[in-house]
Amino acid sequence: MSKFNRRDFIKLTGSAAVAGMVVGFPQIVGAAGKKVVIVGGGIGGATAAKYIRMADSGVEVTLVEPNADYHTCFMSNEVLAGERSIDSIRFTYDGLKGHGVNVVKDTVTAIDPAARTVTTAGGQTLSYDRCIVAPGISLVYDSVPGYSAEVAETVPHAWKAGPQTVTLRKQLEAMPDGGTVVIVAPPNPFRCPPGPYERASLIAHYLKNNKPKSKVLILDPKDKFSKQGLFTAGWKKFYGYGTDNSMIEWISGAAGGKVESFDAGSMTLQGAVESFKGDVINIIPAQRAGTIAQTAGLTNDAGWCPVNPKTFESTVHAGIHVVGDASIASPMPKSGYAANSEAKVCAAAVVDLLNGREPGQPSYVNTCYSIVGKDHGISVAAVYRLGDDGKIASVEGAGGLTPGDASAEMLKREVTFAHSWFQNITHDTFG
Amino acid sequence: MGYKAISSLLLLGGLAFGATSQAADMPSGQMLGNTCAGCHGTNGSSMGPATPTIAGITPEYFVDTMTSYKNGERESTIMTRIAKGYTDEEIKAMANFFSDKPFLRQAQAHDAEKADFGRKLHKKYCEKCHEDGGLKADEGGILAGQWMTYLNYALDDFASERRETPKKMARQMEKLQADQGDAGVEALVHYYGSQK
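Residues numbered from 1 in each chain as written. Chains lettered and ligands numbered in written order. Predicted model: local features only at pLDDT ≥ 70, side-chain atom pairs only at ≥ 80, totals over all residues. Heavy atoms only, no water.

### Considering the overall build of chain A
Scanning chain A from N- to C-terminus turns up 11 helices and 26 strands. Its C-alpha radius of gyration of 23 Å places chain A within 12% of the 22 Å reference for a compact globule of 431 residues. For chain A, the spread of C-alpha atoms along the three principal axes comes to 85 × 45 × 40 Å. Every one of the 431 residues in chain A was classed for burial, and the buried ones make up 58%. (Helix = DSSP H or I, 4+ residues; strand = E, 2+ residues; numbered from the N terminus. Rg over C-alpha atoms; globule rule 2.2 N^0.38 Å. Buried < 20%, exposed > 50% of the residue type's maximum accessible area, 1.4 Å probe, protein only.)

### Points about the overall build of chain B
Counting its regular elements, chain B contains 10 helices and zero strands. Reading chain B from its N end, one meets helices and strands in the order α-α-α-α-α-α-α-α-α-α. Classification of the 196 residues of chain B by burial places 51% in the buried group. Of the contacts made within chain B by residues no fewer than 6 positions apart, 69% connect residues no fewer than 24 positions apart. (Contact = heavy atoms within 4.5 Å.)

### A closer look at the sheet that holds strand S14 (residues 259-263) of chain A
Residues and elements named next belong to chain A. Sheet architecture is open: three strands sit in the order S14-S15-S16, paired in antiparallel fashion. What marks the edges here is a single partner per strand, and that holds for S14 and strand S16 (275-277). Averaged over neighbouring strand pairs, the angle between their axes works out to 20° when direction is ignored. (Pairing = 2+ DSSP bridges. Axes fitted to C-alpha atoms, helices over the stretch in contact; angles between N-to-C directions.)

### Comments concerning the nonpolar core
All names here are of chain A. With 161 residues, the main nonpolar core has Ile111 and Trp235 as its most contacted residues. Sorting elements by how many residues they give to this core places helix H10 (residues 336-354) first, with 10 residues. Once residues lying within four places of it in the same chain are set aside, the contact partners of tryptophan 235 are Tyr197, Ala200, Ser201, Ile218, Phe225, Gly240, Tyr241, Ile248, Trp250 and Val372. Residues Val151, Val182, Ile251 and Ile281 belong to the second largest nonpolar core, which totals 16 residues. (Core = buried A, V, L, I, M, F, W, Y, C linked by side-chain atoms within 4.5 Å.)

### Quick notes on unusual backbone geometry
Along the chain, A:Asn188 connects to A:Pro189 via a cis peptide bond; the corresponding omega equals -10°. Looking at where A:Pro189 falls in the secondary structure, it is placed in the loop between strand S11 (180-184) and helix H7 (195-210). Of note, A:Arg116 is a non-glycine position whose phi angle comes to about 55°, a positive value. Tracing the sequence through the fold places A:Arg116 in the loop between strand S6 (108-112) and strand S7 (117-120). Residues other than glycine seldom take positive phi values, yet B:Asn43 does so here, at roughly 60°. Along the chain, B:Asn43 turns up in the loop between helix H3 (37-40) and helix H4 (59-70).

### Regarding the sheet that holds strand S8 (residues 125-127) of chain A
Residues and elements named next belong to chain A. If you walk across this open sheet you meet the three strands as S6-S7-S8, and the pairing is antiparallel. Strands with a single pairing partner mark the edges of an open sheet, and in this sheet they are S6 and S8. The sheet shows a mean angle of 20° between the axes of neighbouring strands, direction not considered. Pairing analysis gives three bridges linking S7 to S8, with the strands arranged antiparallel.

### A few points about the environment of A:Lys391
Here A:Lys391 shows up in the loop between strand S24 (376-386) and strand S25 (392-394). In this structure A:Lys391 touches A:Pro309, A:Arg385 and A:Leu386, once residues within four positions along its chain are discounted.

### Some details on the pattern of salt bridges
What the rule picks out here adds up to 24 salt bridges over all chains. Between A:Lys222 and A:Asp220 there is a salt bridge whose closest N-O contact spans 2.9 Å. By the burial criterion, A:Lys222 is buried, and A:Asp220 matches it. The residue B:Asp157 makes a salt bridge to B:Arg162 at a minimum N-O spacing of 2.7 Å. You'll find B:Asp157 and B:Arg162 in the same group, each marked buried. Among the ionic contacts, a cluster of salt bridges with common partners joins A:Glu409, A:Arg413, B:Asp156, B:Asp157 and B:Arg162. (Salt bridge = Lys/Arg side-chain N within 4 Å of Asp/Glu carboxyl O.)

### So, the packing of helix H9 (residues 148-159) of chain B against helix H10 (residues 167-194) of chain B
Residue and element names in this part refer to chain B. Running from N to C, H9 and H10 point in directions that differ by 165°, and their axes come no closer than 10 Å. Between H9 and H10, the angle is such that the two are roughly antiparallel. At the point where H9 passes H10, the crossing takes the left-handed sense. Here H9 contributes Met148, Leu151, Asn152, Leu155 and Phe158 to the contact with H10, which in turn contributes Met169, Met173, Val185, Val189, His190, Tyr192 and Gly193. Tallied by class, residues from the contact of H9 with H10 come to nine nonpolar, three polar and no charged. (Parallel < 35°, antiparallel > 145°, perpendicular 65-115°, else oblique. Left-handed = near helix turned anticlockwise from the far one by under 90°. Nonpolar A, V, L, I, M, F, W, Y, C, P; charged D, E, K, R; others polar.)

### Quick word on the pairing of strand S13 (residues 248-251) of chain A
Residues and elements named next belong to chain A. With four bridges connecting them, strand S12 (residues 215-219) and S13 associate as parallel partners. Bridge pairing in S13 links valine 216 to isoleucine 248. Crossover connection from S12 via helix H8 (residues 228-239) to parallel S13: handedness right-handed. (Right-handed = clockwise from strand over helix to strand, strands pointing away.)

### Points about the confidence of the model for chain B
All names here are of chain B. For chain B, per-residue confidence averages 89 on the pLDDT scale, and 88% of positions sit at 70 or higher. Considering only residues more than four positions removed or in separate chains, one finds that residues 1-22, a stretch of pLDDT under 50, has 37 contacts. For this predicted complex, the interface score ipTM comes out at 0.91, while the overall pTM is 0.91. (pLDDT = per-residue confidence, 0-100.)

Pasting the structure below:
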């Protein structure tokens, strides 16, 4: 916590509140007029904005986001498969405005934790009592030598949904039957651990129905991945996985799946053992916290933001909280549900702190669905609490994966629940 | 400025800032309930179509439901896994949180003719327990305006014994099936889905 002095206090709350307090009416000092600035309008930032306003409408919340709308990464694999439109994963900030959130379309370029101000590219300086940083991820392009932001315009990562999702979809549509789609999976930790494997599943689903001689090849630096048993069981059921005619092939790190370089001209990926050519290539590079988190000095050596998991306040800079993919909330994954859940814990803590209350005990949940094929959904869930050691801990005996022997009816329902989850989490975040 | 500074000022002023009073080591009902919203909607009112709205249901029904998931009496895809994450006290706190919230309804595509037939069947077979056209929640879930996909799942679970059917309900469902067949059950679902 920064030191309290009278000048800061006047700056933060206005002189009327101070005058009230001096003459002994401390009830004036609620959170009324307190300012929260939120950096980033993804799942974490938008949820925090809404839930602060729901809990205490006296708090002035300003959300700074460079884009006019947001495309969810979750369900973007269905866009790639042609199962839904890009517009169906697009959300505006009108809902947040309805909650009284001041939405500013601008890019934050600096955060001053001492002065408690946020500076934007547009030249604004916004003061805050508490700042919430939710910038998501930034892509470490040079983790695959030969790949870059420029190359990504034609060889998309599509790991931030939007224009690149559309580009990749068009390339899949244009690819002739018999082509090879290569997905380069990222090293840990990264946004949406099951995402690359759901992507492979849904692209295979599209190809099976439209270009059945084609293949999906996953090049992975890792030797295992999220929901691996459930994915491979689904791949066997739908795509001949493990046979000579499999539509999906996964090459682990141990088997030479780590990509050492990429040549965009010849569309060739050089692996540790052999090289691979693709007709459509999707490179998902290594990741770290969004750029502003690094500029503001909120990250550790690995590029992610350490936080107090009870409040999501940065352990580097007091008064700044970090939620979502950018934060270190292990064992919670970097998922949309986790970002939404973390943002609510953070919002409650921020409202408590602004009202002079000790933040209450947190509770967190993650639920993550993946669609493997027609009428075949799988999920992983976990309930978390704050352990006595001050760390987030998964509640023992709870959560876990879809059972390996789940019936066809239950797998079919999981697809419907995945779509219901999408309806609800997006409304809970932006609505 | 830190919260400690404000707290001490308030103490000096001799004011109790009454908001939170739950046990210090347990999350509040609101904190717990907010974690459900990603699937069940903000404050428990679902945007559908398969996750039910859980706002406005009685604490007893909420506790019964969560307990039956927790101890495996009721099957599900994911709730059996999630319910095990909470203590009985936490489940009660969540139950109180959701029972205070309004059950918000969304328009659902339904067949008006079937819904009208369902309304008559409801009166004959269901109204005794699910009063006011299924609006009341005394004996179980709120049916009026509940999501139709969820209702179909629930009925299927009762029929296939993935969920225990209360005795009175089992008798009524048998009568309905005998008199009207599957079309009768379908009409009921359209009736509940038609209510706004």
